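A structural walkthrough
Residues per chain, in single letters:
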Amino acid sequence: MRFMLSDEQSAIQDMAREVLAAESTFDRVRSAGEERQYDSELWALQRSMGWPGVGVPQRWGGQGLGLVELSVIAEECGYACSSTPLLGTILAATSLVSAASSEQCERYLPSLAAGEVRGAVALTADSTPVPDAGEAGLIVVLEGSGGRVSLQPAQPVETIDPTLRYGRVVDPSAGEPLNQSPIAYDSTLVVVSAHQLGLAQRALDLSVAYTSVREQFGVPVATFQAVSHRLAQAHVDLTAARSLVYHAAWAVQVGDSEASASAARAKAWLAEASRTVTGSAIHAHGGIGFTWEANLHWLFKRATMLGPYLGGARQHRSRLLDMLGTAQTTSHETDHS
Amino acid sequence: MDLTLSADELAFRDDFRAWIADHHPGSPPSNVEERYYWRLEWLRELNRGGFAAMHWPSEYGGRGATAMLNAVFFTELARAGAPIPANHIATFMAGPTIMQWGTQEQKERYLAPMLRADNVWCQGFSEPGAGSDLAAVATFAAREGDEFVVNGQKVWTSEAQYAHFCLLVTRTDRSVAQHKGLTYFILDMSSPGITRRPLRQLTGESEFNELFFDNVRIPASSVIGEVGNGWRVAMTTLMHERSMIGAGYGIRLRNYLTVVESHLRAHGLLDDPIVADRFTDLEIRTRALELSALRQISEAQARGSVGSEGSILKLMWSDTYSRLAEFAIETVGPDALEDASGWAWEYLRSRASTIEGGTSDILRNIVADRVLGLPRAR
Ligand SMILES: Cc1cc2nc3c(=O)[nH]c(=O)nc-3n(C[C@H](O)[C@H](O)[C@H](O)COP(=O)(O)OP(=O)(O)OC[C@H]3O[C@@H](n4cnc5c(N)ncnc54)[C@H](O)[C@@H]3O)c2cc1C
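Residues numbered from 1 in each chain as written. Chains lettered and ligands numbered in written order. Predicted model: local features only at pLDDT ≥ 70, side-chain atom pairs only at ≥ 80, totals over all residues. Heavy atoms only, no water.

**Structural notes on the overall build of chain A**
The criterion, for reference: Helix and strand definitions here come from DSSP, where helices need a minimum of 4 consecutive H or I residues and strands a minimum of 2 consecutive E residues; each element is numbered from the N-terminal end. Between the two quantities, the radius of gyration covers C-alpha atoms and the globule rule is 2.2 Å times the number of residues to the power 0.38. Between buried and exposed lies partly exposed: a residue is buried under 20% and exposed over 50% of the maximum accessible area for its type, with that area taken using a 1.4 Å probe on protein chains only. Here, two residues are considered to be in contact whenever any of their heavy atoms come within 4.5 Å of each other. The protein chains shown are the only cover counted for residues, whose accessible areas, like all others here, come from Shrake-Rupley with a 1.4 Å probe.
Counting its regular elements, chain A contains 11 helices and 8 strands. For 337 residues, the compact-globule estimate of 2.2 N^0.38 gives 20 Å, and the C-alpha radius of gyration of chain A, at 20 Å, lies within 12% of that figure. Expressed as lengths along the three principal axes of its C-alpha atoms, the size of chain A is roughly 65 × 55 × 40 Å. Split into buried and exposed, the 337 residues of chain A put 61% on the buried side. Partitioning the intrachain contacts of chain A with sequence separation of at least 6 by distance along the chain shows that 72% fall at a separation of at least 24. A total of about 12,700 Å² of accessible surface is found on chain A, and carbon and sulfur atoms cover 53% of it.

**A closer look at the site of the ligand**
Stated precisely, the cut-off is as follows: The near set for a molecule or strand comprises every residue that places at least one heavy atom within 4 Å of it. Pairing of N or O atoms within 3.5 Å defines a polar contact, subject to two protein rules: one partner must be a possible hydrogen donor and the other a possible acceptor, and residues neighboring in sequence count only if both atoms are side-chain atoms.
The environment of the ligand is made up of 17 residues, and the closest members are Gln123, Ser132, Trp156, Thr359 and Asp361 of chain B. The residues that come close to the ligand belong to more than one chain, namely chains A and B. A distance of 2.9 Å separates a nitrogen atom of the ligand from a polar atom in the backbone of Trp156 of chain B. Look at the ligand: alone it shows 970 Å² of surface, and the protein chains cover 69% of it.

**So, the nonpolar core**
The criterion, for reference: For the purposes of this section, nonpolar cores are sets of buried Ala, Val, Leu, Ile, Met, Phe, Trp, Tyr and Cys residues that join through side-chain atoms within 4.5 Å.
Residues Leu96 and Tyr246 of chain A together with Phe16, Phe73, Met114, Trp121 and Leu187 of chain B are the most contacted members of the largest nonpolar core, which totals 227 residues. Per element, the largest residue contribution to this core is 15 residues, and it comes from helix H8 (residues 225–254) of chain A. Not counting residues up to four positions away in its chain, the partners in contact with Met114 of chain B are Leu43, Trp56, Asn87, Ala90, Ala94, Gly95, Ile98, Asn119 and Trp121 of chain B.

**Concerning the pattern of salt bridges**
Short version of the rule: Salt bridges are defined as contacts in which a side-chain nitrogen from Lys or Arg sits within 4 Å of a carboxyl oxygen from Asp or Glu.
In the structure shown here, the tally under the stated rule is 45 salt bridges over all chains. Here Arg265 of chain B makes a salt bridge to Glu261 of chain B, at a shortest N to O gap of 2.9 Å. Of the two residues, Arg265 of chain B and Glu261 of chain B are both situated in helix H6 (residues 230–266); the distance of 4 residues between them amounts to about one turn of the helix. Measuring nitrogen to oxygen at the nearest pair gives 2.9 Å for the salt bridge that ties Glu326 of chain B to Arg351 of chain B. Taken together, the positions of Glu326 of chain B in helix H8 (residues 309–332) and Arg351 of chain B in the loop between helix H9 (342–350) and helix H10 (360–371) put the pair 25 residues apart, joining distant regions of the chain. Judged by its relative accessible area of 32%, Glu326 of chain B is partly exposed. The network of salt bridges with common partners includes Glu272, Arg314 and Arg317 of chain A together with Asp277, Asp281, Arg285, Asp319 and Arg323 of chain B.

**Things to note about the pairing of strand S5 (residues 182–188) of chain B**
All names here are of chain B. For clarity, the threshold we go by: Whether two strands pair depends on DSSP finding at least two bridges between them.
Taking burial as the measure, the 7 residues of S5 include 6 buried ones, the bulk of the element. Relative to S5, strand S4 (residues 165–171) runs antiparallel, the two sharing 7 bridges. When the bridges of S5 are listed, Val169 appears paired with Tyr184.

**As for the interface of chain B and chain A**
Rule in force here: When two parts are put together, the accessible area they lose, computed with a 1.4 Å probe and summed over both, is reported as buried area.
Taken together, the 45 residues of chain B in the interface contact 42 residues of chain A. Overall, the association of chain B and chain A removes approximately 4,100 Å² of surface from exposure, summing both partners, and the carbon and sulfur fraction of that is 67%. A per-residue breakdown of the area chain B buries against chain A is headed by Met1, Leu3 and Arg295 of chain B, which together make up 20% of the total. At the surface where chain B touches chain A, the tally comes to 5 salt bridges. Between Arg317 of chain A and Asp277 of chain B there is a salt bridge, with the nearest N and O atoms lying 2.7 Å from each other. Linking chain B to chain A there are 14 residue pairs in polar contact (both at pLDDT 80 or more). Only H6, helix H7 (273–303), H8 and H10 of chain B provide two or more residues apiece to the side of chain B that touches chain A.

**Some remarks on unusual backbone geometry**
With phi around 55°, Cys81 of chain A is a residue other than glycine that occupies positive phi space. You can see Cys81 of chain A is positioned in the loop between helix H4 (67–80) and helix H5 (86–99). Assessed through its relative accessible area of 0%, Cys81 of chain A is described here as buried. Positive phi values are uncommon outside glycine, yet Asn215 of chain B reaches one of about 50°. A relative accessible area of 47% means that Asn215 of chain B is categorised as partly exposed.

**Concerning the sheet that holds strand S2 (residues 138–143) of chain A**
All names here are of chain A. Strand order in this open sheet of 4 strands is S1-S2-S3-S6, and the pairing throughout is mixed. Single-partner strands in this sheet number two, and they are strand S1 (119–123) and strand S6 (176–177). Relative to strand S3 (residues 146–150), S2 runs antiparallel, the two sharing 5 bridges. Among the inter-strand pairings, Val141 is bridged to a residue of S3, identified as Arg148.

**A short note on H4 of chain A**
Residue and element names in this part refer to chain A. Convention followed: Helix span, expected: 1.5 Å multiplied by one less than the number of residues in the helix.
Taking 1.5 Å of rise per residue, the 14 residues of H4 would be expected to cover 20 Å, and the 20 Å separating its terminal C-alpha atoms lies within 8% of that figure. The buried fraction of H4 is high, at 14 of 14 residues. The first or second residue beyond H4 is Cys81, which carries a positive phi of 55°.

**Focus: the state of the cysteines**
Applicable threshold: Throughout, disulfides are identified as pairs of cysteine sulfur atoms within 2.5 Å of each other.
The full count for this structure, using the stated rule, is 0 disulfides over all chains. Looking at the unpaired Cys81 of chain A, the closest cysteine sulfur is the one in Cys77 of chain A, lying at 10 Å.

**Details of the domain arrangement of chain B**
Residue and element names in this part refer to chain B. For clarity, the threshold we go by: The domain boundaries here were taken from an automatic or database domain assignment.
Partitioning chain B into structural domains gives domain 1 (7–100 + 111–115), domain 2 (121–228) and domain 3 (232–371). On the side of domain 3, 16 residues touch domain 1, which itself brings 20 residues to the contact. Regarding the contact of domain 1 and domain 3, the summed buried area is about 1,500 Å², with carbon and sulfur atoms giving 69% of it. The interface formed by domain 1 and domain 3 contains 0 salt bridges.

**Details of helix H2 (residues 26–35) of chain A**
Residues and elements named next belong to chain A. For clarity, the cut-off: When we speak of the arc, we mean the arc of directions from the helix axis to the C-beta atoms.
For H2, the set of buried residues is Phe26, Val29, Arg30, Ala32 and Gly33. Around the axis of H2, the buried residues are gathered within 165° of arc, so they sit on the same side. Exposed and facing more than 90 degrees away from the buried side of H2 are Asp27 and Glu35. Buried residues along H2 sit against H4, helix H7 (182–213) and helix H10 (296–306). A positive backbone phi angle near 50° is found at Arg36, which sits one or two residues after H2.

**What to know about the confidence of the model for chain B**
Going by this rule: Residue-level confidence of the predictor, termed pLDDT, takes values from 0 up to 100.
Considering every residue of chain B, the mean pLDDT works out to 94; 100% of them sit at 70 or more. In the predicted complex, the global pTM is 0.96; the interface-specific ipTM is 0.96.

**Brief notes about the packing of helix H3 (residues 67–79) of chain B against H6 of chain B**
Residues and elements named next belong to chain B. Selection rule: Axis definition: a line fitted to C-alpha atoms, over the contacting stretch in the case of helices. Angles run 0 to 180 degrees between N-to-C directions. The cut-offs work like this: below 35 degrees is roughly parallel, past 145 is roughly antiparallel, 65 to 115 is roughly perpendicular, and the gaps in between are oblique. Crossing chirality is assigned from the near helix's rotation relative to the far helix, an anticlockwise turn below a right angle marking it left-handed and a clockwise turn marking it right-handed. Each residue receives one of three labels: charged for Asp, Glu, Lys and Arg, nonpolar for Ala, Val, Leu, Ile, Met, Phe, Trp, Tyr, Cys and Pro, and polar for the others, Gly being one of them.
It is at 9 Å that the axes of H3 and H6 come closest, and there the two elements cross at 30°. Accordingly, the angle class assigned to the pair H3 and H6 is roughly parallel. The way H3 lies across H6 gives a crossing that is right-handed. Contacts between H3 and H6 involve Ala71, Phe74, Thr75, Leu77, Ala78 and Arg79 on the former and, on the latter, Met244, Gly248, Ile251, Arg252 and Asn255. Of the residues contributing to the contact of H3 with H6, the split by class is 6 nonpolar, 3 polar and 2 charged.

**Some words on the packing of aromatic side chains**
To keep things clear, this is the line we draw: Under the pairing criterion, centres of Phe, Tyr and Trp rings, with the six-membered ring standing for Trp, must be within 6.5 Å; the plane angle then separates stacked pairs below 30 degrees from edge-to-face pairs above 60, leaving the rest tilted. As a reminder, the over-ring test applies to NZ of lysine and CZ of arginine, requiring each to be within 6 Å of the ring centre and within 35 degrees of the ring normal.
Following the criterion strictly, the structure yields 23 aromatic pairs over all chains and no others. Plain terms: the ring middles of Tyr36 of chain B and Tyr37 of chain B are 5.8 Å apart, the flat faces sit at 85° to each other, and that makes the pair edge-to-face. When the centroid spacing of 5.6 Å and the interplanar angle of 85° are considered together, the rings of Tyr110 of chain B and Trp121 of chain B count as edge-to-face. Here Tyr110 of chain B, found in helix H5 (residues 104–115), pairs with Trp121 of chain B, found in strand S1 (residues 121–124); they are 11 residues apart in sequence, far enough to count as distant. Joined through ring pairs, the aromatic side chains of Phe12, Phe16, Trp19, Trp42, Phe51, Phe73, Phe74 and Phe92 of chain B make up one cluster. Across from the ring centre of Tyr79 of chain A, 3.7 Å away, lies the NZ or CZ of Arg17 of chain A, which sits over that ring. Over the ring of Phe140 of chain B we find Arg174 of chain B, and its NZ or CZ is 3.8 Å from the ring centre.

Listed below in structure tokens is the structure:
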């Protein structure tokens with residue numbers, strides 16, 4: 001057993017972090033948010049690097065990498081809080097890879113993988129604003145383990161997070177049906193959770209840096225335990241988060257029997273932890289933290305928006321409980337046989 | 001990233017699983033002392049099977065197993081409902097400390113008998129005036145020729161009532177900075193001048209004791225890792241202690257969770273959406289702890305050293321354990337609080353978890369200082 005990124009996966013992470021540190025600075029995020037427009041230069045760069053197609057098989061124009069690699073990219077985009085339609089597009093592509101017929105794949109995946117068409121994924125039974133749906137050309141609407149793919153535009157919604165274009169599906173019954181595939185939903189949960197992990201990790205890293213240099217009472221504020229223990233606890237919660245997210249990514253990728261449970265755990269945990277940690281970071285910065293310029297709010301707002309998206313914490317805990325019940329019955333049966 | 005067991009790990013798991021099925025010690029005696037000896041007998045049995053200290057190098061009677069194989073060991077113990085063997089202070093703390101800092105002679109003398117459970121070990125670190133602030137240890141060891149003469153007191157010394165040897169941290173020099181004047185000894189508990197007194201815990205049982213030293217003589221050959229180097233040797237012991245609690249006990253939390261779950265299901269209590277939601281949150285915390293233990297083992301193995309991560313696991317363990325115990329008491333109902341109930345015992349025992357092996361506050365200090373690299377106040 002080896003529960004850590006491989007050298008190749010770490011290299012992808014380093015490369016993504018480096019590119020985004022240079023090309024998705026908070027100045028860029030802020031101006032995208034203020035103009036309520038995606039950072040088109042960054043999107044062009046992400047397309048040129050093949051990111052929208054990271055998880056799409058090569059025969060449909062992608063890079064054919066797995067859910068772990070996709071999670072790494074999603075986490076780094078969260079870390080940078082980058083303002084591009086990448087999240088929605090990789091979610092749509094990923095769910096089509098598992099739920100679309102080969103004819104549908106042929107039709108939709110190459111343009112998604114190239115980033116020519118932007119995507120989004122919504123749940124039928126849900127009116128939560130869908131990230132990247134506001135300007136998406138293709139929307140996958142998941143329902144149970146099935147769903148539909150639709151080209152009908154969504155109704156744009158202005159939310160507290162202006163760095164992404166959110167929208168609501170107008171007619172969930174529009175479009176063509178997809179095959180049954182629980183993996184489609186599980187994969188999207190993992191990718192969103194990974195993105196939330198990145199948001200929270202950035203907020204913690206910023207807080208560590210700031211409280212180490214900000215002085216009050218003649219000393220760095222991080223020397224006060226009320227401050228350092230808050231950050232230490234955030235680190236513990238994100239340790240749990242990282243374990244849950246990457247276990248889920250692996251489990252869904254290999255089709256492990258725990259895959260759906262693991263994806264539900266990751267989403268339930270991150271829906272809360274991501275908001276708590278980003279919110280806590282605002283507090284740890286004091287008055288500066290509450291300003292528009294401090295940039296923490298971009299992380300906090302996106303974390304808040306993504307919390308209920310594709311089901312919030314309580315919903316996934318409830319799903320998980322049903323799965324645990326089933327698993328228990330099954331294992332009793334095998335014990336007796 | 002590969003979370004399946006390797007061929008070696010699988011082979012070991014199957015082997016050990018089959019072995020436990022044939023050698024299971026049954027259910028625990030309720031008396032605390034009988035329970036201790038029952039767990040000590042379990043260590044002997046494991047040793048006969050070659051499973052007593054998997055992680056020790058083979059030259060000392062272990063299997064040279066990876067930390068991952070050790071995690072498989074704990075998982076299988078938990079799965080079978082078999083106890084963690086007694087004398088863990090020897091196998092998980094004293095043994096690795098002596099391997100790292102001891103002389104060849106000390107290794108030959110002390111290590112093998114630990115596994116046979118010929119010797120029981122205890123940890124004499126804490127004192128009335130030195131708990132979280134271990135460097136404030138006042139028990140003094142004065143050099144006299146090739147001996148040291150020890151006077152002072154230790155407290156909260158678990159299992160000292162059974163122990164043959166004690167890992168003893170003392171002050172040998174009052175003229176230097178606190179943590180530079182410490183020396184670490186192996187103390188033979190049959191030496192004249194030692195008084196042991198059991199301390200009654202809030203569970204009503206006595207696991208820990210106080211120890212008094214009145215001119216106790218220790219040969220200089222019993223120093224571990226040089227006079228004045230006691231602080232660093234003690235840190236080695238504590239790092240192993242926290243990793244063991246985090247991974248070993250952490251993996252076991254699943255059993256408690258399963259007991260709670262069975263009760264809730266049997267009584268239809270999960271139909272209450274609030275109970276169901278809280279239970280599932282605890283399940284996620286438990287799984288996160290198990291997975292974090294595996295992830296940290298992988299990372300430590302790749303790095304080739306144990307770091308401060310044990311502190312993170314211990315924090316997760318004590319937090320989840322306390323929450324689970326509180327939840328159980330609340331949901332099981334009034335019967336849970338009857339004196340002899342297992343629920344009550346777990347609930348009361350869980351209160352120690354945030355104190356023993358370094359309090360949660362101290363562990364958060366460690367995470368802040370050594371993991372996050374924040375500036376320190378003290
Ligand atoms: C069941 C059990 C078994 C034990 N077994 C052993 C054993 O075998 N051998 C052994 O040597 N010891 C043992 N201990 C002792 C244990 O290691 C100490 O109790 C622990 O280190 C705390 O020390 P203390 O009790 O003196 O509390 P104190 O250090 O006095 O702490 C009191 C409170 O102050 C807080 N505090 C202290 N310093 C700080 C700080 N710098 N920042 C923030 N908060 C702080 C603590 O977190 C705690 O809440 C055992 C304890 C228990 C409960």
